[in-house]
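Observations on the model geometry
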Amino acid sequence: MTETLEKTRFASEDFSPGALQVVERLQTHGYEAYVVGGAIRDLLLGNRPKDFDVATDATPEQIKQCFRNARIIGRRFQIVHVRAGREIIEVTTFRRGHEANPSGQAAQASQSGRLLRDNVYGTLKEDAKRRDLTINSLYYDTSTHQLIDHLGGCADVAERIIRIIGDPADRYREDPVRMLRVLRFGARLQFELAADTAAAIATHGHLLRDIPPARLFDEWLKLFMNGYSAPTFSLLQQFGLITHLMGEGVTDALDRQHANSLRMLALSNTDQRVADERPVTPAFLLAALYWPATEQTARQISDRGESPIPAMHAAGQQIVAAACQYLAIPKRFSLAMRDIWDLQPRLERMQPKKVKDLLAHRWFRAAFDLRLLREETHDLDNQCSQFWAAAQKQHPELVGSARQRRDDSARRRPRPRRRPRNA
Ligand code: ATP
Ligand code: MG
């Protein structure tokens, strides 16, 4: 069934100049080229796409030859980044699923069926089938204004349904991260999950353990920093994926009910900040999500005779080490998490001699915010937060003044390549 929906016609202004240029250039060189995936889904929903991906029958080498500013990236899945002005357009070559590959050469699967490499090229129709969701499998030719929908994606957008393409269990085995994507889009778009798409998640969550922690952390950022972290977290809990993603540290707590309200409040505060376009750092959210486990561990350590500050320090080290078994949390974030935790017992002391030092601490604001969450959700009295609110009023110039570097996101360095642990 090739469904070409002549009716759906987007304006050229709906696309970025870069996307239009890339499609046109590839077509001028005799290749097929379409804007694909999330951008078309978002346009159908009346939303402005955040970026544009292009799919083509040109190979990565051929794509590269069409542009002056193009770079082939990735190994597991080769794509080409084309720079057009300030934009980067991701261009991918049509691929087919590995089961359709008779030679079995370039697509490699692990024992559990996970795809390790996926560079077998194919036609548009084959490319459509190897994508994750029907709603992400729509192609738009910006020159002829034809929308190509082989798998019922338009109907699913209209009915607001997240549906995995093909057999969900097979597709999750091929790439367990698709389970996270299903829940992410479910939460972000507020779509229903198709019954079989949802059912297979409950039985395949453990496969996330095969995913290298570096890739899981990248997914974590997409799940939690996109402005929909609270509904996403609830779905991850509901489907039992949260411990496979973040480890036991995110469910451990003596007092489950209070711990959950602290986590939900941290998540919804973060979503509100994203909505208000205020800066957010993964370090604060990670510190809040793992806080109940850290607090519990610190208490156990101090019950053995350690004083509160070193106990918190030791607990922080332990919880970060456990979390990093799952998520490759970059050092700059894990050090910040530990600072935010270390500051908790120090804030509680309210020592006048230490006020200026603590106010100037790079993570003072984040630590203060965690203290506020704790007071709000754990029925603590607010003497401590009032003390620090007054101190900030008195010395506003000091707050965070030891911060030498602006923000973490601004300093992103490419992560050195690491071999997947189980590959
Ligand atoms: P977003 O708005 O978050 O960018 P998106 O749908 O564009 O959403 P991307 O992660 O940018 O998502 O991926 C681009 C496209 O690549 C998707 O629309 C989907 O068709 C395909 N894709 C991405 N990840 C997978 C995967 N794990 N398995 C199969 N297809 C995938
Ligand atoms: Mg995208």
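Here, the structure is the one placed above.
Presented here is a report on the structure given in the accompanying data block. Every chain begins its residue count from 1, and numbering advances along the sequence as written. Throughout, the order in which chains and ligands are written sets their labels, letters from A for the former and numbers from 1 for the latter. Given that the model is predicted, a residue must reach a pLDDT of at least 70 before its local features are reported, and side-chain atom pairs must reach 80 or more before they are shown or counted; all residues, however, enter totals for whole chains, interfaces and linings. Side-chain metrics rest on all non-hydrogen atoms present in the structure, leaving aside hydrogens and water.

1. Some remarks on the pattern of salt bridges
- Any carboxyl oxygen of Asp or Glu within 4 Å of a side-chain nitrogen of Lys or Arg constitutes a salt bridge here. Summed over all chains, the structure comprises 19 salt bridges.
- For Asp-42, the salt bridge goes to Arg-41, with nearest N and O atoms at 3.1 Å.
- We call a residue buried when its accessible area falls under 20% of the maximum for its residue type, exposed when it is over 50%, and partly exposed in between, using a 1.4 Å probe and counting protein chains only. When its relative accessible area of 7% is taken as the criterion, Asp-42 is described as buried.
- Judged by relative accessible area, Arg-41 falls into the buried class, the value being 3%.
- Where Asp-369 meets Arg-365, a salt bridge forms, and the shortest distance between an N and an O atom there is 3.3 Å. Here Arg-365 and Asp-369 lie together in helix H17 (residues 364-377), a separation of four residues that amounts to about one turn. We count a stretch as a helix when DSSP gives it H or I for four or more residues in a row; a strand needs E for two or more, and each element gets its number in order from the N terminus.

2. Side note on the packing of aromatic side chains
- Ring geometry is summarised as follows: Phe, Tyr and Trp rings, the Trp one being its six-membered ring, pair when their centres sit within 6.5 Å, and such pairs are stacked at plane angles under 30 degrees, edge-to-face over 60 and tilted between the two. Counted according to the given criterion, the structure contains 13 aromatic pairs.
- Three or more aromatic residues joined by ring pairs form one cluster here, namely Phe-217, Trp-220, Phe-224, Phe-233 and Phe-333.
- The rule for a charge over a ring is simple: NZ of Lys or CZ of Arg within 6 Å of the ring centre, and within 35 degrees of the ring normal. The ring of Phe-77 carries the charged tip of Arg-95 above its face, separated from the ring centre by 3.9 Å.

3. With respect to a positive patch on the surface
- Together, Arg-346, Arg-349, Lys-353 and Lys-354 make up a positively charged patch on the protein surface.
- Turning to its location among the elements, Lys-354 is positioned in the loop between helix H15 (331-349) and helix H16 (355-360). Patch membership requires more than 30% relative accessible area and the absence of a salt bridge. Residues of like charge join within 9 Å; the nonpolar side chains Val, Leu, Ile, Met, Phe, Trp and Tyr join within 5 Å. Here the open area of atoms and residues is found with the Shrake-Rupley method and a 1.4 Å probe, where only the protein chains shown may cover a residue. Charge convention: Lys and Arg are scored as positive, Asp and Glu as negative, and His as well as the terminal groups of each chain are ignored. For this purpose, a charge sits on NZ of Lys, CZ of Arg, CG of Asp or CD of Glu.

4. A short note on the site of ligand 1
- Here a residue counts as near a molecule or strand whenever at least one of its heavy atoms sits within 4 Å of it. In the vicinity of ligand 1 there are 16 residues, among which Lys-50, Asp-175, Arg-178, Arg-181 and Arg-188 approach most closely.
- Polar contact criterion, stated in full: a pair of N or O atoms within 3.5 Å, where within protein one must be able to donate a hydrogen and the other to accept it, and residues adjacent in sequence count only if both atoms are side-chain atoms. Contact distances for ligand 1 include 2.9 Å between an oxygen atom and a side-chain N or O atom of Lys-50.
- Take Arg-184: an N or O atom from its side chain is 3.3 Å from an oxygen atom of ligand 1.
- Summarising the interface, the protein chains cover 84% of the accessible area of ligand 1, which totals 590 Å² for the free molecule.
- Per-element tally for the shell around ligand 1: the top contributor is helix H7 (residues 177-189), with five residues.

Limitation: the analysis is restricted to geometry and does not speak to function.
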